[in-house]
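Structural features, examined
So the chains spell out like this:
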Amino acid sequence: MPTPRTWLPRIDEILEILRDSKADHFDRAALEVLFQIQRRSAYILMKQVGPVTRSSAQLLERASLLRWVETIKETEAYDLSARRQTIEQVVTDLQEKEAMRSVRPPTAFPVVREMLMATVASLPDSIEIALGEIRVRFTDTTEALQLLYQLGLALHNDIASFEHTQHSPQIFRYPDIQPDI
């Protein structure tokens, strides 16, 4: 099994350091610091790049190391990025599914023909429309949902009547009390 490249998330930083470096060669200790890896991993990295021997010490030429890291970036770093995006997408999908599971199932109620054909005038007494105000009286949540649904349909079916109630100010709040004119 190949040694995992734990330094891949830092590959751009490593490339920048290699490009800016004045050193022509890197030894094992320098690789440990640059790549933040252990001694054994540094030896494996040297073997993969292809070391040169200078006075009984194995070194990597900066140009060879730079080319090797750039090749790794083109291949493995892209794979790492794609894997990270895939993992993030899976986590997001799981979070969305969990949120959907915790949501209460929709409330069901019968939708009768009268409700579908509702107009502002046909709304039940528990829905009052006044200038700048709509009041809905209900006894439970299911009734509230039914009344709001019916109100929405009535406004959709009969928007002109609703607009008329909003443009003609009512002097009296109660429709059964009208002035004598």
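These numbers were taken from a predicted model, which means no experiment stands behind them.

Remarks on the overall build of the protein chain
Helix and strand counts for the protein chain come out as seven helices and five strands. Burial statistics for the protein chain: of 181 residues in total, 25% are counted as buried. Of the roughly 13,400 Å² of accessible surface on the protein chain, a fraction of 55% belongs to carbon and sulfur atoms.

With respect to the environment of Tyr149
Checked against the element boundaries, Tyr149 lands in helix 6 (residues 141-157). Residues contacting Tyr149, with those up to four places away along its chain left out, are Phe109, Val111 and Met115.

Considerations on the pattern of salt bridges
Under the criterion given, the structure shown has six salt bridges. Measuring nitrogen to oxygen at the nearest pair gives 2.5 Å for the salt bridge that ties Lys73 to Asp12. Here the residue Lys73 occupies a position in helix 4 (residues 62-102), and Asp12 occupies one in helix 1 (residues 11-20), the gap between them amounting to 61 residues. According to the relative accessible area criterion, Lys73 is partly exposed, its value standing at 34%. Residue class for Asp12 comes out partly exposed when judged on its relative accessible area of 47%.

Brief notes about the sheet that holds strand 1 (residues 25-26)
In space, the three strands of this open sheet follow the order 1-3-2, with antiparallel pairing throughout. The open sheet terminates on both sides in strands that have one partner only, identified here as strand 1 and strand 2 (52-54). Pairing geometry for strand 1 and strand 3 (residues 57-61), over two bridges, is antiparallel. By the bridge assignment, His25 is partnered in strand 3 with Glu61. Sitting on the sheet, helix 3 (residues 39-49) touches strand 1 and strand 3, and the angle it makes with strand 3 is about 60°.

With respect to the side chain of Arg28
Inspection of the secondary structure assignment puts Arg28 in helix 2 (residues 28-35). Judged by relative accessible area, Arg28 falls into the buried class, the value being 18%. Engagement of the side chain of Arg28 in a polar contact is seen with the side chain of Tyr43, the distance being 3.4 Å. Discounting residues that sit within four places of it in the chain, Arg28 has contacts with Arg39, Ala42, Tyr43 and Met46.

Things to note about helix 6
In this model helix 6 runs 24 Å from its N-terminal to its C-terminal C-alpha over 17 residues, within 8% of the 24 Å that 1.5 Å per residue would give. By the burial criterion, the buried members of helix 6 are Ala144, Leu147, Gln150, Leu151, Leu153, Ala154 and Leu155. Of the surrounding secondary structure, the elements contacted by the buried residues of helix 6 are helix 5 (113-116), strand 4 (127-130), strand 5 (133-136) and helix 7 (159-167). One side-chain oxygen of the residue at the start of helix 6 lies 3.2 Å from the amide nitrogen of Thr142, identifying that residue as Asp140.

A short note on the pairing of strand 4
With burial as the criterion, only one face of strand 4 is covered, namely that bearing Ile127 and Ile129; the residues Glu128 and Ala130 on the opposite face remain uncovered. Alignment of strand 4 against strand 5, held across four bridges, turns out to be antiparallel. Bridging from a neighbouring strand, Ile127 pairs with Val136 of strand 5. Counting the residues between successive antiparallel strands, the hairpin from strand 4 to strand 5 contains two residues, one of them, Gly132, with a positive phi of roughly 70°.

Details of helix 1
When we look at burial in helix 1, the residues that qualify are Ile11, Ile14, Leu15 and Leu18. Down the axis of helix 1, the sector holding all buried residues measures 100°, keeping them to one side. Opposite the buried face of helix 1, at more than 90 degrees from it, the exposed residues are Glu16 and Asp20.

A few points about the packing of helix 2 against helix 3
Relative to each other, helix 2 and helix 3 sit at 105°, their axes nearing to 9 Å. Between helix 2 and helix 3, the angle is such that the two are roughly perpendicular. In this structure, helix 2 uses Arg28, Leu31, Glu32 and Phe35 to contact helix 3, whose residues at the interface are Arg39, Ala42, Tyr43, Leu45 and Met46. When its residues are assigned to classes, the contact of helix 2 with helix 3 shows six nonpolar, no polar and three charged.

Conventions and cut-offs
Residues numbered from 1 in each chain as written. Predicted model: local features only at pLDDT ≥ 70, side-chain atom pairs only at ≥ 80, totals over all residues. Heavy atoms only, no water. Helix = DSSP H or I, 4+ residues; strand = E, 2+ residues; numbered from the N terminus. Buried < 20%, exposed > 50% of the residue type's maximum accessible area, 1.4 Å probe, protein only. Areas by Shrake-Rupley, 256 points an atom, 1.4 Å probe, with all protein chains shown as cover. Contact = heavy atoms within 4.5 Å. Salt bridge = Lys/Arg side-chain N within 4 Å of Asp/Glu carboxyl O. Pairing = 2+ DSSP bridges. Axes fitted to C-alpha atoms, helices over the stretch in contact; angles between N-to-C directions. Polar contact = N/O pair within 3.5 Å; in protein donor to acceptor, adjacent residues only side chain to side chain. Expected span 1.5 Å × (residues − 1). Arc of directions from axis to C-beta. Parallel < 35°, antiparallel > 145°, perpendicular 65-115°, else oblique. Nonpolar A, V, L, I, M, F, W, Y, C, P; charged D, E, K, R; others polar.

Without other data, these values stay purely geometric and don't point to any function.
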